[in-house]
Amino acid sequence: MTTQPTAAAPAVRSLFLAGPFIQLLDPATGLMPDDARAPFDLLIKHFEAQGVAVHNAHRREAWGEELMRPEQCTKLDQDEIRKAELFVALPGFPASPGTHIEIGWASAFGKPIVLLLERGREYTFLVQGLHTVATVEQVVYTDLGTALPGVDRAVERVLARHRETTPAR
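Think of each chain on its own: its residues are numbered from 1, step by step along the sequence as written. Totals for whole chains, interfaces and linings use all residues, but because this is a predicted model, local features are given only for residues with pLDDT of at least 70 and pairs of side-chain atoms are given and counted only at 80 or more. Excluding hydrogens and water, the side-chain figures rest on all heavy atoms present in the structure.

S.K.: Please set out the overall build of the protein chain residue by residue, giving values where relevant.
M.R.: Comment: elements are numbered from the N terminus, with helices defined as DSSP H or I runs of at least four residues and strands as E runs of at least two. For the protein chain, the count of helices and strands is six helices and five strands. Going residue by residue from the N terminus, the α and β elements of the protein chain occur as β-α-β-α-α-β-α-β-α-β-α. With the C-alpha coordinates aligned to their principal axes, the bounding extent of the protein chain is approximately 55 × 35 × 35 Å. Once local pairs closer than 6 in sequence are excluded, the contacts in the protein chain between residues at least 24 apart make up 65%. Residue-level accessible areas treat just the shown protein chains as cover; the underlying method is Shrake-Rupley with a 1.4 Å probe. Split by element, the accessible area of the protein chain, about 9600 Å² in all, is 56% carbon and sulfur. Here the positive residues are Lys and Arg and the negative ones are Asp and Glu; neither His nor the chain ends is included. A charged residue contributes its charge at one atom only: NZ of Lys, CZ of Arg, CG of Asp or CD of Glu. Of the charged side chains in the protein chain, 17 are positive and 21 negative, and the gap between their average positions amounts to 7 Å. Here, two residues are considered to be in contact whenever any of their heavy atoms come within 4.5 Å of each other.

This is the structure we're talking about:
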């Protein structure tokens, strides 16, 4: 018997939230400015309020204050993506090379993916075509705060499709 998720039982227990990082750091302070940090804060709080464990490099590295060495963060990010049940990404504009690598890992690991795409931006062809090789939902938004209900619906849809196409273990 399958049960539907409720507020007490989220549809997913863990996710990895990816997005541009190094390119957003202020060169003078080495930190993410508040406006660059805001979408990640919003999404982390939104998902954690639902009981979801959110893995995010930005927060883990104190928004730039505690940057890890490449040898540390690369392995840790890949491990966290591998363990997460869901992958959510803001691909970045211009494209964030690190985020695109993480999107590739999530796809290769067979993770359900939700891409948050800012309306009016052009995204790389491989982001646009990712749905042909992975289970992907896209949320096109103008204001991320008002798009959160759509994000939740996209999570539900991508998880349902993923469960339909993934053999039980």
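There is more to say after this.
S.K.: Describe in detail the pattern of salt bridges, supporting the description with residues and values.
M.R.: Salt bridge, as used here, is a side-chain nitrogen of Lys or Arg placed within 4 Å of a carboxyl oxygen of Asp or Glu. For the structure shown, the criterion picks out eleven salt bridges. Residue R13 is joined to E85 by a salt bridge in which the shortest nitrogen-to-oxygen separation is 3.3 Å. Note that R13 is positioned in the segment before β1 (14-18) and E85 in the loop between α3 (70-83) and β3 (86-89), a separation of 72 residues in sequence. On the accessibility criterion, R13 (63% relative accessible area) is exposed. Classification of residues uses two cut-offs on accessible area relative to the type maximum, computed with a 1.4 Å probe and protein chains only: under 20% is buried, over 50% is exposed, and between them is partly exposed. By relative accessible area, which is 25% here, E85 ends up partly exposed. Note that E137 and R161 form a salt bridge whose closest N and O atoms lie 2.4 Å from each other. One end of the pair, E137, is in strand β5 (residues 136-141); the other, R161, is in helix α6 (residues 144-165), with 24 residues separating them in the sequence. Given the relative accessible area of 31%, R161 is considered partly exposed. Where salt bridges share partners, they join R60, E61, D77 and E80 into one cluster.

S.K.: Which residues make up the packing of helix α1 (residues 34-49) against α6, and what values go with them?
M.R.: Whenever a helix is involved, its axis is fitted only over the stretch in contact; in every case the axis is a line through C-alpha atoms, and angles between N-to-C directions fall within 0 to 180 degrees. One way to put it is that α1 packs onto α6 with a least axis distance of 11 Å and a crossing angle of 50°. Taken together, the axis directions place α1 and α6 in an arrangement best described as oblique. In the packing of α1 onto α6, the handedness of the crossing is right-handed. Residue-level inspection shows P39, L42, L43, H46 and F47 of α1 in contact with α6, the latter providing L144, G145, L148, V151, D152 and V155. Broken down by class, the residue content of the contact of α1 with α6 amounts to eight nonpolar, two polar and one charged. Oblique is the label for any angle not under 35 degrees, not over 145, and not in the 65 to 115 range, which are roughly parallel, roughly antiparallel and roughly perpendicular in turn. The sense of a crossing depends on the near helix, which, turned anticlockwise from the far helix by less than a right angle, makes the crossing left-handed and, turned clockwise, makes it right-handed. Only Asp, Glu, Lys and Arg are considered charged, only Ala, Val, Leu, Ile, Met, Phe, Trp, Tyr, Cys and Pro nonpolar, and every remaining residue, Gly among them, polar.

S.K.: Describe unusual backbone geometry, with residues and values.
M.R.: The omega torsion of the bond from F93 to P94 falls at -5°, within 30 degrees of zero and hence cis. Positive phi values are uncommon outside glycine, yet A62 reaches one of about 50°. Residue placement: A62 occurs in the loop between α2 (57-60) and α3. Of note, W63 is a non-glycine position whose phi angle comes to about 60°, a positive value. Tracing the backbone shows W63 in the loop between α2 and α3. W63 sits in the buried class, given a relative accessible area of 8%.

Shape descriptors only; they carry no functional weight alone.
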